[in-house]
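Observations on the model geometry
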Amino acid sequence: MHRSLANLTERIERALHERLIPALYRDTEPVHVEAAHLPGEPVPAAEGLAMAYAPFAVGQPWGPAWRTTWFRFSGEVPARMRGGRVELLVDLGFERAGPGFRSEGLAYTADGTPIKGIEPRTAYVPVARPAAGGERVEVYVEAAANPRFDGSVSPLGDPETLPDRPLYRLDRAELAVLDEEVHALVLDVQVLHQLALQLAETDTRHHTIRRSLELMLDELDVADVSGGAAAARARLSGALASPAVPSAHRITAVGHAHIDSAWLWPVRETIRKCSRTFSNVVALADEYPELVFACSSAQQYAWLREHHPTVYRRVAEKVATGQFLPVGGMWVESDTNMPGGEALVRQFTQGKRFFAAEFGVEPREVWLPDSFGYSAALPQLARLAGFRWFLSQKMSWNQTNRFPHHTFWWEGVDGSRVFTHFPPADTYSSELSGQDLAYGVRNFAEHGRSTVSLLPFGYGDGGGGPTREMLETARRVADLEGSPRVAIRTPAEFFAEAEREYPDAPVWSGEMYLEHHRGTYTSQSAMKRGNRRTEHLLREAELWSAAAALRTGHPYPYAALDAVWQETLLLQFHDILPGSSIAWVHREARQTYARLADRLEGMIEAALTALTGPGSVPLTANAAPHERDGVPALGVSAGHGGDVPAVSVRSGPDGTVLDNGLLRVRLGPDGTVSAIRDLVADRDVLRPGTAANVLQLHPDTPNRFDAWDIDAFYRHRRRDLTGVAKIVVEADDPRQARVRVTRDDRSSGYVQTVSLAAGERVLRFTTEVDWHERETLLKVAFPIDVQAAQSSSEIQFGHLQRPTHTNTSWDAARFEICAHRWLHVGEPGYGVALVNDGTYGHDVTRQPPGDVLGAQPTTVRLSLLRGPRYPDPNTDQGSHQFGYALVCGAEIADAVREGYRANLPVRRHLGGRAVAPLVEVTNPAVVVEAVKLADDRSGDVIIRLYEALGGRARTRLTASFDLAEARVCDLLERDDAEIGALAPVAVEGNLVELALKPFQVVTLRLRPARR
């Protein structure tokens, strides 16, 4: 008897890996191999099958990075395999690190029907069960030579820097008989051994299991594993038959395969990953009727429908049987920090519309296991879109503070709540191992109040999904002593039970800030600017197209807008917009943003031309929700500049002074802003003795994930850019003065323009950077002379307040924060806002440190650029332009107004007539976010508005067209009694009266009277 526990563990594991697993297959038979190599991009299966194939040998190299090789495997099942489960085994040169990250393939029949994916853990193709002998075998495999990225700097993420050498070799191609008794024995041993390792040595169950395993090994004839497998299994049957205790924790296991819509591979490869994984799933679903597989991202279903219709039909069949589950209801699993409010709405509406149209289903759970933190706007938007539940696990990545709950109510900035669950195993890619199951139970924060948790299982990130081994494991741990009870069920079944069991779960209020991946607010600057600009162009295109359709009968571009929205939403995926993908992904995204901008500009021009009619009257179109220079919000008119004093300019050896009667701005000889005097408030805006608009460089070498992370120690060293190559003062326009400052530093160049316009308490800045730094963080600093206990940052449909101090570890961890168009700091009676036109990363600090008597000023900084080397070694190298502005004496309402103004510049247009706004609101606290025609093409007008200041507001909305009806609807533009009760409206003629609660979002459906 083995008294050493370590020795027994070694004996079990050696037997598994050297005796049992190698005996899984027997009686192998080589097959004939031929190959055809594609020189470029993938081709449809019909073309791949029709290529000229040449003989190819096992052991021969194939596949330069990102290339495709088509293999043809042919042969005949020999008579000696009769009665066995015959499979074709293919090893494309796999490493055992996991599926989905290197070589992988999709197997086809000779007529082009997809069979299943070929990946490291599922490297087989079914041939016959049972075999009759003599069956002809002809299998084609579309093999992708996807390179693996291990965190080091690599040229393999850019097609322009790829070496032309094979990455892989074909290591195996043969027919074999799967010994099903040995396979079952391997699973029995693994389940029991993994379970025993998780049990305490004082637990009698631990010793019972290990004694059973020891007796099994003592009797196993290693020279004839197949012949003794049944007897060996009998030795373990008692240990496997012992049921779980009545109080055992219950786990809902859900098949899953998190497939990043782009990351360490381009979008075109994601399309193929989906086909491989989903082929695996539908094949497994035939064999294992209990399998349920949760898959979010309508985009991935849409790709499958377009590129692999045969697989798509099989998926649709499994959706109908309840085995393949559309979940989440979003277009992609998007980032939630940076997309604008309307974009998050469209993630939900585009996703839900697709699932309803294609499958007749409507998910009730938001499914975002891997996004990098969660906006406080999400609970309200989720509820307004018909969701009740929310799932993630990413908060387990926190670096500083452990998130305190696994099952809880999440409360948004407006007070809306969604029932939320984080799988306590801290993974979305479980193998259902004993370690995952036991850790999930130990880690669960709600013991004593809740007895259930959820566990997604299946290989993820690069795809793969569940395997037959996982499903066999699930059968063994369904009711097993020492283990939690595991049942494969749907997420909806889990959530309904969990909410029923724990209705008074604790509440987490506000954002779920991920204490990790803070660099994603800044990496790949073009993603941020492209997203921001596209979102606002979409707003304009919908607004002017709706107005033109209603006023002139101009065709509303439903399909074209849907197509642009879907491409925009794809680019908000949580590794594209955050800037954490390979160079290939971001190059394509930049091209897409440029193409979308052209399409939207065309729609806007066509709509404005139809609206204003022919003519040469200079008109101004204002798509912003606030009046500007005499042009009404959401309207078109000639406008007027008004009579305002000119801007004076005085230059001398001590710098330049700009004065418009509201602000007096001094620029020092180094080109930085040395003072701002608010003449209206009679106070300094900047802390005396400091300078603003100062470019600051920090070393940026995070510990782990380059593109993802900014680590706090970056602040230990800083260098200010104050050297000047040239200063030019432009004062020829009395309505606006500019100072242009040119700086050169190391390999990079900087041009900063400071401008002050007449009649504004706003100082505007443009910074152009020719960036050639790496592993360097560029910020621009504004030391504001206010003692602000908190900052207010714009989020979707509102704003969020965060402490500026570091009293707690939670406060200190928020050293880099996300804001949309503006960030505001203030003290009672005075505030300042920093608005921007395309950046998201900020930090706000109380300065200076040390023993100081009196008020502590507040420094606000924008993060402009980084230079991470992984996964894109050339991140952001090249030219960039940033626009931002300091709004002095600003209340929150001023910040909201100027934020829109910075991102929605007026348009000049020659036409024949002014255009009244479709709708107007009377309360400045109520902001119109979207004006569009209804998705159902009824001609109804959809108005989305929200309360922006965090208070209660009553407003009157006036339509400039005759109203037949006005009612509140959900985000999918449907009637909903609960939502309608939250925002009752009174309608009289063309007037709609409504009252909004703090940060409430209201969607109005206006039905025009037909004439």
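Data block above holds the structure.
A brief report on the enclosed structure follows.

1. Some thoughts on the sheet that holds strand 1 (residues 25-30)
Backbone hydrogen bonds are what pair the strands of a sheet, in a parallel or an antiparallel way. Spatially, the 4 strands line up as an open sheet ordered 1-12-6-9, and their pairing is antiparallel. Either end of the sheet is taken by a strand with one partner, and the two such strands are strand 1 and strand 9 (124-128). Shown here is a sheet whose adjacent strand axes are inclined to one another by a mean of 30°, direction ignored. In this sheet, strand 12 (residues 172-178) lies alongside strand 6 (residues 85-91) in antiparallel orientation, the contact comprising 7 bridges. Counted as the bridge partner of Val86 is Val177 from strand 12.

2. Topic: the pattern of salt bridges
Here the structure, examined in full by the defined rule, presents 94 salt bridges. The residue Arg233 makes a salt bridge to Asp188 at a minimum N-O spacing of 2.7 Å. Taken together, the residues span a long stretch of sequence, with Arg233 in helix 5 (residues 225-241) and Asp188 in helix 3 (residues 180-198) at a distance of 45 residues. Classification of Arg233 as partly exposed rests on a relative accessible area of 26%. A relative accessible area of 1% places Asp188 in the buried class. For Arg383, the salt bridge identified is with Glu978, shortest N-O distance 3.9 Å.

3. With respect to the sheet that holds strand 43 (residues 858-865)
Spatially, the 6 strands line up as an open sheet ordered 31-30-36-43-42-39, and their pairing is antiparallel. Every other strand in the sheet has two partners, leaving strand 31 (719-721) and strand 39 (817-818) as the edge strands with one partner each. As paired elements, strand 39 and strand 42 (residues 841-846) share 2 bridges and run antiparallel to each other. The residue of strand 42 that forms the bridge with Cys818 is Gly841.

4. Points about a nonpolar patch on the surface
Residues Val649, Val724, Ile727 and Val729 make up a contiguous nonpolar surface patch of roughly 240 Å² in combined accessible area. Looking at where Val724 falls in the secondary structure, it is placed in the loop between strand 31 and strand 32 (726-733). According to the relative accessible area criterion, Val724 is partly exposed, its value standing at 36%.

5. Some words on the environment of Arg907
In this fold, Arg907 is placed in strand 45 (residues 907-911). In contact with Arg907, not counting residues within four places along its chain, are Arg533, Leu537, Glu540, Glu601, Ile604, Leu608, Leu619, Thr620 and Ala621. Side-chain polar atoms of Arg907 contact the side chain of Glu601, separated by 2.9 Å.

6. Quick look at the pairing of strand 44 (residues 878-888)
Most of strand 44 is tucked away: 9 of the 11 residues are buried. Alignment of strand 35 (residues 762-771) against strand 44, held across 10 bridges, turns out to be antiparallel. Of the residues in strand 44, the one forming a bridge with Arg764 is Ala885. Alignment of strand 41 (residues 830-836) against strand 44, held across 5 bridges, turns out to be antiparallel. By the bridge assignment for strand 44, Ala833 is matched with Val887.

Rules of the game
- Residues numbered from 1 in each chain as written.
- Predicted model: local features only at pLDDT ≥ 70, side-chain atom pairs only at ≥ 80, totals over all residues.
- Heavy atoms only, no water.
- Pairing = 2+ DSSP bridges.
- Helix = DSSP H or I, 4+ residues; strand = E, 2+ residues; numbered from the N terminus.
- Axes fitted to C-alpha atoms, helices over the stretch in contact; angles between N-to-C directions.
- Salt bridge = Lys/Arg side-chain N within 4 Å of Asp/Glu carboxyl O.
- Buried < 20%, exposed > 50% of the residue type's maximum accessible area, 1.4 Å probe, protein only.
- Patch = residues over 30% accessible without salt bridge, like charges linked within 9 Å, V, L, I, M, F, W, Y side chains within 5 Å.
- Areas by Shrake-Rupley, 256 points an atom, 1.4 Å probe, with all protein chains shown as cover.
- Contact = heavy atoms within 4.5 Å.
- Polar contact = N/O pair within 3.5 Å; in protein donor to acceptor, adjacent residues only side chain to side chain.

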